Amino acid sequence: MGGGLVARHVLGGGRADRDGDGGDAVTLSFFVPGQAVPQAALRAFIIQDKITGRHRPILTNSSKGLSTWRATVAMTAQEAKARAHHPGWFGREAVTLTLRFLFPRPASHPKRSPPQHVVRPDLDHLIRGLSDGCTGVLFTDDSQIVELRATKGYLALGESPGVSVTVAQAIT
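Thresholds, definitions, all that
Residues numbered from 1 in each chain as written. Predicted model: local features only at pLDDT ≥ 70, side-chain atom pairs only at ≥ 80, totals over all residues. Heavy atoms only, no water. Helix = DSSP H or I, 4+ residues; strand = E, 2+ residues; numbered from the N terminus. Expected span 1.5 Å × (residues − 1). Buried < 20%, exposed > 50% of the residue type's maximum accessible area, 1.4 Å probe, protein only. Contact = heavy atoms within 4.5 Å. Polar contact = N/O pair within 3.5 Å; in protein donor to acceptor, adjacent residues only side chain to side chain. Pairing = 2+ DSSP bridges. Core = buried A, V, L, I, M, F, W, Y, C linked by side-chain atoms within 4.5 Å.

What about helix 2 (residues 123–134)?
Taking 1.5 Å per residue as the helical rise, helix 2 with its 12 residues ought to reach 16 Å, and the 17 Å between its terminal C-alpha atoms agrees with that figure. If you check which residues of helix 2 are buried, you get H125, L126, I127, G129, L130, S131, G133 and C134. Each element contacted by the buried residues of helix 2 is listed here: helix 1 (66–83), strand 5 (95–103), strand 6 (145–154) and strand 7 (162–169). Immediately beyond the C-terminal end of helix 2, within one or two residues, lies G136, with a positive phi of roughly 90 degrees.

This is the structure in structure tokens:
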């Protein structure tokens, strides 16, 4: 035992734990408030340069608010690391990522039993937007994610929209 690091904060949250489950894996957990923005596939088109006359490709992403969402994810992760007195940098180590995306429940849905969130945005696009926001803050590249668990659903009573994030050093 020893060395367990724990910290909590209302907005954004933040918890680091060196041996909370009896193992030596380093984990960092936090909540990113707000509406998650999916990262759709890039679109490319060719334009002709007015000066040189050469054709060149332009890449664009059609997701509105994606850069703001990524910045929010990065800032929240950075704050969670600081609050938890956690280096939070996994360098080039393999990591596991656990995500829980929460969305507001439409007024037309029953309040008793929460239905599954089977509408857009797609879960894989949500993951892509969030993991890119963590790149350079928690890990060097999202290719380091060797294990992933992600869910999406509607808010229960007392919950806020956003995503719960747990990043852990992968145990081999």
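Quick word on helix 1
With 18 residues, helix 1 extends 26 Å between its outermost C-alpha atoms, agreeing within 8% with the 26 Å of an ideal straight helix rising 1.5 Å per residue. Every buried residue belonging to helix 1 is among L66, W69, V73, A74, T76, A77, A80, K81 and R83, and all of these are buried. For helix 1, the secondary structure elements touched by its buried residues are strand 2 (27–33), helix 2 and strand 7. Within two residues after helix 1, H85 carries a phi angle of roughly 50 degrees, on the positive side.

Description of the side chain of H117
Structurally, H117 is set in the loop between strand 5 and helix 2. For H117, a relative accessible area of 7% gives the class buried. One polar contact links H117 to K152, side chain to side chain, over a distance of 3.4 Å. Here H117 is in contact with F103, K152, G153 and Y154, once residues within four sequence places are set aside.

Quick word on the pairing of strand 5
Working note: regular strand, side chains alternate between the two faces of the sheet. Within strand 5, seven of the nine residues are buried, which leaves it mostly tucked inside the rest of the structure. Of the pairings in the sheet, the one linking strand 5 to strand 6 comprises nine bridges and is parallel in character. Counted as the bridge partner of L99 is A150 from strand 6. Pairing of strand 5 with strand 7 involves eight bridges; the strand directions are antiparallel. The partner of L102 across the bridge, within strand 7, is G162.

Focus: the nonpolar core
In summary, soluble globular proteins display a tendency toward joint burial of nonpolar side chains. In this structure, L99, F101, L130, L138 and V165 are the most contacted members of the largest nonpolar core, which totals 31 residues. At the level of secondary structure, the elements contributing two or more residues to this core comprise strand 2, helix 1, strand 5, helix 2, strand 6 and strand 7. At six residues, helix 1 tops the list of elements feeding residues into this core. Beyond its immediate chain neighbours, meaning those up to four positions away, L99 contacts I127, L130, L148, R149, A150, T151, V163, S164 and V165.

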